[in-house]
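# Examination of the molecular architecture
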Amino acid sequence: MRGLSRLTLPLSQRERAHHRSWLAVLGLTGLVMVGLVPFALAVATVDLEAQVREVASQLRCPVCQGLSVGDSPSELANEMRTLVREQLQQGKTKAEVLDYFAQRYGEWILLAPPKHGFNLIIWVLPFALLPIGAAAVYLGARRWVRRPAAEESPPRDLDSPYAERLQRELDSYQ
Amino acid sequence: MLKKMLILIAILPVLALFAYGLTLDSRSFHSPLVGRQASDFTLKLFDGGTFTLSAQRGKVVVINVWSSWCMPACYNEAPALEAAWQRYRSQGVVFLGVNYQDRDAAAREFLARFRHTFPNGPDVGSKVSIEYGLRGVPETFFIARDGRLAYKHVGEISLPVLVQQIEQLLHEPGGTS
């Protein structure tokens, strides 16, 4: 029994040392994790606030003139931002939050009209008109460049008293 | 000649758009909520009680959103609201005042001044206002017996409009009056 205890004692110490090292590792990990919690929370908060700003910037402030919910200092816009934050915290996507407001205020509340139906014209028309505008500019410029030099300056023998007077005055300076 | 025609063709759609805009009544813009079931809410009242919309099912409900700083529209319509309430309360019509972004003392003073006797409560956090797509004060919502938002009136409301809308809802098929 004594021999056995003599044999087992060093093993038990080793086990204890092993346990101690594991405990130390676990403790350290725990400390690191506890230390990381505020950091993770801060990152999550920053991310949430960025999302709130993004959604709010896409909503029209109902009681303002030409301001987004994100930019408006009005009380209603503030309440709307709170609602946006609450809904994002509940797990709603940005599109779902925008839809929530569109369901109550109509598409008017969205600063950028949705890309479907009649609204599509607003998105497509500028691009459709771009080549027409470019062609008009090109044709105008070409016509201007090709205009004969004679057209640019009035003929000297213009039957105009002003032209003659101008010429006389120019001649007097020479 | 061709140049003039092209300019005219370019200007005409813009003029047509302006003309169309002039024909629109800014007070009758489309609300997507009209025709849909009105959202339920509970409002804590100034007198300490509570008002729950779903508990009014089967009754015509008139919800008026107002503020004491909303001058002169809210002041002008206040007597008409009380008069309509007195006229229709015996027929089971329910009136509710939702006080929007106001100071408690100023709101109570307003109610006392106009001797409003129908339930009124502050809209804390503008929850009801946002839920009902409020774009300014005053606005008045008419809810049918089946819980549907039947009509939304933007701006000052008069007694004839109140009477017309309430009568219409009272005489809707399925009503008791």
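Basis of the calculations
Residues numbered from 1 in each chain as written. Chains lettered and ligands numbered in written order. Predicted model: local features only at pLDDT ≥ 70, side-chain atom pairs only at ≥ 80, totals over all residues. Pairing = 2+ DSSP bridges. Helix = DSSP H or I, 4+ residues; strand = E, 2+ residues; numbered from the N terminus. Buried ≥ 20, exposed ≤ 12 C-beta atoms within 10 Å, placed from the backbone. Right-handed = clockwise from strand over helix to strand, strands pointing away. Core = buried A, V, L, I, M, F, W, Y, C linked by C-beta atoms within 7 Å. Contact = placed C-beta atoms within 7 Å. Expected span 1.5 Å × (residues − 1). Bend = angle between axes of the 7 residues up to and from the residue. pLDDT = per-residue confidence, 0-100. Axes fitted to C-alpha atoms, helices over the stretch in contact; angles between N-to-C directions. Left-handed = near helix turned anticlockwise from the far one by under 90°. Nonpolar A, V, L, I, M, F, W, Y, C, P; charged D, E, K, R; others polar.

### Quick word on the pairing of strand β7 (residues 149-154) of chain B
Relative to β7(B), strand β6 (residues 139-143) of chain B is paired through 5 bridges, and the arrangement is antiparallel. If you follow B:Phe142 over to β7(B), its bridge partner there is B:Tyr151.

### Structural notes on the pairing of strand β4 (residues 94-99) of chain B
Residue and element names in this part refer to chain B. Most of β4 is tucked away, with 5 of its 6 residues classed as buried. As paired elements, strand β3 (residues 61-66) and β4 share 6 bridges and run parallel to each other. For valine 61, the partnering residue across the bridge sits in β4 and is valine 94. Read as a crossover between parallel neighbours, the route from β3 over helix α2 (residues 73-88) to β4 is right-handed. Handedness of the crossover is the feature at issue here: the chain leaves β4, passes through helix α3 (residues 104-113), returns alongside strand β5 (residues 120-122), and the resulting connection is right-handed.

### Thoughts on the nonpolar core
If you look at the biggest cluster of nonpolar residues, it comprises 52 residues, and the most contacted ones within it are A:Met80, A:Val84, B:Ile63, B:Ile143 and B:Ile166. Sequence-distant contacts of B:Ile166, defined by excluding residues within four places in its chain, comprise B:Val60, B:Val62, B:Ala84, B:Tyr88 and B:Val93.

### Some remarks on helix α4 (residues 120-146) of chain A
Residue and element names in this part refer to chain A. If you check α4, its first and last C-alpha atoms are 40 Å apart, about what 27 residues at 1.5 Å a residue would give, namely 39 Å. By the largest-angle criterion, leucine 130 marks the main kink of α4, which is about 30°, and a proline, proline 131, follows within four residues. Little of α4 sits out of view: just 0 of its 27 residues are buried.

### Digging into the confidence of the model for chain B
Mean pLDDT over chain B: 92, with 93% of residues reaching 70 or higher. On the interface metric, ipTM, the complex scores 0.82, and its pTM is 0.70.

### Quick look at the packing of α2(B) against helix α5 (residues 159-170) of chain B
Residue and element names in this part refer to chain B. Direction vectors running N to C along α2 and α5 enclose 35°, while the axes themselves pass 9 Å from each other. For the pair α2 and α5, the crossing hand works out as right-handed. Across the interface between the two elements, Ala80, Ala83, Ala84 and Tyr88 of α2 pack against Leu159, Leu162, Val163 and Ile166 of α5. Looking at the contact of α2 with α5, its residues break down into 8 nonpolar, no polar and no charged.

### Remarks on the sheet that holds β7(B)
All names here are of chain B. With mixed pairing, 5 strands are arranged side by side in an open sheet as β5-β4-β3-β6-β7. Only two strands of the sheet have a single neighbouring strand rather than two, namely β5 and β7. Put simply, the sheet's adjacent strands are angled 20° from each other on average, direction ignored. The sheet strands contacting α5 are β3, β6 and β7, and the helix crosses β7 at an angle near 175°.

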